Structures are given as structure tokens and as C-alpha cells.
Amino acid sequence: MRSIQEIVARRRRQDRWFAVLGVFCTSIGIITLIALLANLLIDGLGHLDWQFLTSFASRRASSAGVLAAVVGSLLVMLVTACVAAPLGIAAGVWLEEYAPKNRVATILEVNIANLAGVPSVIYGLMALSVFVYAFGFGHSILTAALTLAVLILPIVIVATREALRTIPRTIREASYALGATKWETVWHHLLPYSLGGIATGVIIGLSRAIGETAPLVTIGALAFIAFLPDPPVTGEFPFVSFSWLGSDFTVLPIQMFNWVSRPDPAFHHNAAATGVLLIAITLGMNAIAIFVRYRMRKAIQW
Amino acid sequence: MVTHCTLADAQDSAPSRPITNLLRRATPTMTPHEVGADPVTDQIPAIADIKVQLRNFGFAYGSNQVLKDLNVAFENKKVTALIGPSGCGKTTLLRSFNRMHDLYPGNRYTGEILLLPDRINLVAPDVSPTEMRMRLSMVFQKPNPFPKSIFENVAFGLRMRGVRDKARIREKVEQSLRDAALWDETKDRLHKPAYDLSGGQQQRLCIARALAVDPEIVLFDEPTSALDPTATLRIEELIDSLRNRVTIIIVTHNMQQAQRIADWTGFLYLGSMVEFDRTEKVFTNPGNKLTEQYITGRFG
């Protein structure tokens, strides 16, 4: 018969072993991430200068830049946000506040959850047949933005619903008891109080969309663009122009993919620099999302 | 005048039986009403000036019949308290007046709740819940101000009624806050968040919000159950000051509170109105054994 001390010591050794194993497993993920970032930074940071940001793509790696891709990504994101936010918020509000709680609503809910899991290249195929061919939008900024908007729609819908669900029932009842209709309750109370959560969802969705490559390759985005779209502001009446929506475009991940696939290693440095830029933008957007959520939580505590 | 219901009679015949036995026997299949008591309206003193009258009113959630055959009247510009043990249906009854149940599926109203003088049936399917909520205000169990400014909380009901005139809204907000005894504490910070107020102040803000729309009836759903004794006292004084100005129906689990503020008291048990009478009568000389047992704290 072993003493109690021995038994305890043996079981504590087990405990320590698992602690060590856990640290090891966790560090694999973290070390990989750090290595990836470090590699990218070493390769790319030296090339990331003003000249790189303000030049078009070029046949010579040293004079090539990401101007068209940066402008393309920004414009596509702008339109994506303008399309996905109203559609997603409206759908989320309808599902959460208006939809009858029956079988049809359940089927709709399950399908929206599934939609978030559909591989993005499938969205590209859908966009190719609908937006490019059926609607005749071509491989334009508009097509790209619509495709990405559909892609992130489930994220916006789910974020909207979750934000609405955190609002206590008593707040809705207070509004209805004062004679507000459903729409007045949504407009004056539910939307303002859930704006932080909704904005977080939209930003998270956009940070996913900005890195998407596959669906945009599918709709035929070009990799070599040496011009900017028409400016949205013009000198003549009516001073705003939407012709840029129909313009050819490229975006950062496509530009990066194009450079990576070239044999000349000088271009690989350009790709790394683009990667640094892309990661910086994504992390920046996520930081904004976290900040918005933090401010929101501080402002309203139910 | 008052006919005892059979359940109480059973208790009469076996006075030594513990109350737990009585409760076990008092299953929903054998409610005071169903075993043959007369509709309670026949028993109470006549109310001359009726504001709202229940006629065979019943309410069910799905297949669960929560309220049955209620026949009572509430006097105009007086305070009526609804008391009874948890689950007796007093809050369900209160929330029927402003059709709160319509917000959730599976509700079914039967009978009538007539709002006088125009004798409109509040719970008729063709009567809009929104319209009824414009005429009746509610103060909830837990203070539930909107996460907006103090001013906007009170102004919201006015905005819903299409009031656009800023001077008029300001005037009305001030008057409502005065009526709710909150003006002196808030006049210098009207545009500060309502959440900065204490719990008792928040509840008085909710009362101001309810009064701002000139309601015909104010419904109070256990308005002090989340408050400390000092804040409770202030709310009770406030309700007292509203007597003779607006009809008040208040649900309370606190019998002393009902005694302190109510002109009329109704005792609900298992979804039936067991007793409805002047407050002093209910608490000093109840006409029903069940009422007596409840107010003396023998169950509930």
C-alpha cells in the first residue's frame, strides 16, 4: 500500500504534464502566427514606401506599386458596406422582431446560418452568372461589391439579431406601453441601442470581405490595372458621378496573388509588402470593431 | 350579503385542517368561482362612477386558462389594488388592460373589458392595441427607463402622439416631472442620462413618463418590489397624490401597501376574483374565508 503522499505526488505529476503539454500546443499556434508575420515583415517592410503606395503595377518589380489595388479595395469596400449594411440590418430586424415564430422562420434561420458556411468561390460562381452575365454588370467594381455584399450578408444579419437580442424585453414593453408601434419601437429604441453591436458586425464582415480573393477571381477581376476609376466628384453639374462603379478594378489580395505567382523573386517582395498592408488594414478594422463594442458596453448597461 | 364560496365552506366544516390541505384541494379544477359562487359584482357595493368594467372576462395562454369569468368594476379616479398569491393572475389581469399580451403569441381574451364612458371593449379583436396603449399608461415592476436623457424619456410618449411644438413638450415634461415629485432633483440635469438616477428616482421617472401622456388609467405592476423602503414610501405618497386625478389600478404583493393606498381591493385566487370590496372592508371584515386566510398571512 502506497502512502497518501505518494498517490498525491503521482497525480500532481500528471497535472504538471498536462500543463506543459497545453503550453506546447498553444505555442504552436502562436509561434506559427509570429513566424508568419515576421517573415512577411522582413520580406515586405523594406518595400513598403510611399513610392510603392502611389505607383501602378509595372513590369519592373522595383517600380511596381499598389495604387490601383488600394483604390480598388477601398471603393469595393465602400459599395459593399453601402449594400450589405442596409440589407443585413433590415433582414436581421425582420427576423428578430417581425417574423412569426413558426416553422418557416426556423427554416429561414437555419438557411442563413448555413449561408455563412458556403465556400466563397461558390458566391463567385453565382455572381458570374447573375451579376456579370444576367445583369450585364461586367467585371466591374459594382459586380465585385455586390458579390462581397452577398458574401458578408449572413455575418451582418447574425450580428444584428444578436445585438437586438441583448436588449431586455422590459425596454420593448416600455416603448409599446407608451403607444409606439413596432416600427417606432425599432426606429427610436432598438436600432439606436444595438448600433454598437451592428457596427461591429458590419466591420467584421468588411474585414473578411477585404481579404477575399476567390470570388473576385471567379468574376474576372483583372490583376494588371494601370489606371484609376473615374473620380466620383466632377467639375460639372451634378458634380457627382457613378461611372466609377462600372470601371475595371483590382484589389489587394488579387494583386498579391498575381505577384506571388511570378517567377521573379523581386516580385515576391512586393507581394510580401502587399500582405503587410492587407494584414495592417484587417487588424486595424478589427481594432475599430473592438473599440466600438467597448464604447457601446460602457455607454449602455442593461 | 356575501355568499361564501364552497372552498371556504369546506374549510369552515373542518376548521382544524392545516392550510396546506386546503391548498392541495384548491386545484384549478375546483376554483372558488366554478364551485358556485355568485359573480362578485353582485356582492359589492354599487360603484356610481365606473371607469372600467370587466364582464365575464377571461384570459388564456394557449390551453392554460389563467383568468376566468371576472366581473368587477373599477371606480373612476380612485386607487384599486389587486392582491393575491403568486401565480393568481393579478399581473396577467393588469397586462390585459393595455393589451401587453398581444406582444407574445398564444394569447386569447374572452369576455369584455369596457372602458367608460364610451364603452369600448378593450380586448375586442378589432380594437387596436396601440390605440388602447395611447389611452392607458403602465408603470412596470422594475424601473425601465430608456437609455436616453431624462428629458427624452418623458418626451417620448408625447412624440408618439405627434406633439412637435418644442415649448409644449418642455412644458409638459416639467409638469410631469413635478407630478412625479422628481422635478427638483432633475431640473438641472434634464439632458443627462436617465441611468445616472438611483433606482427610486428611475421609477419616479417612469411614473412621470406614464403621466406625461394624460392617461385615463395608470396601471402599476408591483412598482415598489425592486425598491428600498424609503423609495417605496415616496412612490406611495406619489400614488396618493394622484388620487382623484386619474384612475389607478395597482398590483401589489404587499398587503400593507394595499391598505395604505387603495380605495378598493380585489383579492384574486387561481384566476378568479374571490373578493372585491372597499379596502377597509377587505382587511377588517373580509367576506370570504380564503381572503381572511390570505390577509392574515396563513398562505401566499
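Residues numbered from 1 in each chain as written. Chains lettered and ligands numbered in written order. Predicted model: local features only at pLDDT ≥ 70, side-chain atom pairs only at ≥ 80, totals over all residues. Heavy atoms only, no water.

1. Overview of the sheet that holds strand β10 (residues 264-269) of chain B
Residues and elements named next belong to chain B. An order of β7-β8-β9-β4-β10-β11 is seen for the 6 strands of this open sheet, with the pairing classed as mixed. Because the sheet does not close on itself, it has two edges, and the strands there are β7 (136-139) and β11 (272-278). Between one strand axis and the next, the sheet turns through 20 degrees on average, direction left out of account. Strands β7 and β8 (217-221) of the sheet are contacted by helix α8 (residues 199-211), whose axis makes an angle of about 175 degrees with β7. (Pairing = 2+ DSSP bridges. Helix = DSSP H or I, 4+ residues; strand = E, 2+ residues; numbered from the N terminus. Axes fitted to C-alpha atoms, helices over the stretch in contact; angles between N-to-C directions. Contact = heavy atoms within 4.5 Å.)

2. Some words on the confidence of the model for chain B
Where the model shows low pLDDT, its predicted coordinates should not be examined in detail. Residues and elements named next belong to chain B. Of the residues in chain B, 85% reach a pLDDT of 70 or more, and the chain-wide mean stands at 84. When mean pLDDT is compared element by element in chain B, strand β9 (residues 247-251) scores highest at 96, while helix α1 (residues 6-13) scores lowest at 39. Between residues 1-39, whose pLDDT stays under 50, and residues either more than four places distant or in other chains, the model counts 55 contacts. The ipTM, which scores confidence in the relative placement of chains, is 0.83 for this predicted complex, and the corresponding pTM is 0.81. (pLDDT = per-residue confidence, 0-100.)

3. Observations regarding the packing of helix α8 (residues 182-209) of chain A against helix α11 (residues 265-299) of chain A
Residues and elements named next belong to chain A. Remark: α8 packs on α11, axes separated minimally by 9 Å, with the N-to-C direction vectors making an angle of 170 degrees. As judged from the angle between their axes, α8 and α11 are roughly antiparallel. Here Tyr193, Ser194, Leu195, Gly196, Ala199, Thr200, Ile203, Ile204, Leu206 and Ser207 of α8 come into contact with α11, specifically with Thr282, Met285, Asn286, Ile288, Ala289, Val292, Arg293 and Met296. Tallied by class, the residues present in the contact of α8 with α11 amount to 11 nonpolar, 6 polar and 1 charged. (Parallel < 35°, antiparallel > 145°, perpendicular 65-115°, else oblique. Nonpolar A, V, L, I, M, F, W, Y, C, P; charged D, E, K, R; others polar.)

4. Re the layout of surface pockets
Taken as a whole, the largest pocket encloses approximately 490 Å³ of empty space. What lines the largest pocket is a set of 19 residues, among which Glu96(A), Glu97(A), Lys101(A), Leu103(B) and Tyr104(B) lie closest to the centre. Listed by contribution, the elements that provide at least two residues to the lining of the largest pocket are α3 (67-98), α6 (141-165) and α7 (169-177) of chain A. Ranked by residue count, the leading element in the lining of the largest pocket is α7(A), at 4 residues. Of the pockets and cavities examined, the second largest pocket occupies roughly 390 Å³. Lining the second largest pocket are 17 residues, and of these Ala163(A), Thr166(A), Gly197(A), Arg293(A) and Arg297(A) lie nearest its centre. By residue number, the principal contributor to the lining of the second largest pocket is α8(A), which donates 7 residues. (1 Å grid on protein atoms, 1.4 Å probe; cavity = no way out; pocket = protein on both sides within 12 Å on 5 of 7 lines; lining within 4 Å. Points joined across faces, edges and corners; volume = space filled by probe spheres on them.)

5. Some details on the pairing of β8(B)
Residues and elements named next belong to chain B. Of all 5 residues in β8, 5 are buried; the element is thus mostly enclosed. Residues Ile217, Leu219 and Asp221 of β8 are buried on one face, and the alternating residues Val218 and Phe220, pointing to the opposite face, are buried as well. Where β7 meets β8, 4 bridges bridge the pair, whose relative direction is parallel. When the sheet's bridge partners are listed, valine 139 is paired in β8 with phenylalanine 220. Across 5 bridges, the pairing between β8 and β9 is parallel. Within the sheet, the bridge partner assigned to leucine 219 lies in β9 and is isoleucine 249. The parallel pair β8 and β9, bridged by helix α9 (residues 229-242), forms a crossover whose chirality is right-handed. (Buried < 20%, exposed > 50% of the residue type's maximum accessible area, 1.4 Å probe, protein only. Right-handed = clockwise from strand over helix to strand, strands pointing away.)

6. A few points about the interface of chain A and chain B
Taken together, the 19 residues of chain A in the interface contact 22 residues of chain B. Summing both partners gives a buried area of about 1800 Å² for chain A against chain B, and 68% of it is carried by carbon and sulfur. Summed over the shared surface of chain A and chain B, the number is 1 salt bridge. For Glu173(A), the salt bridge goes to Arg95(B), with nearest N and O atoms at 2.7 Å. (Buried area = accessible area lost by both parts, 1.4 Å probe. Salt bridge = Lys/Arg side-chain N within 4 Å of Asp/Glu carboxyl O.)

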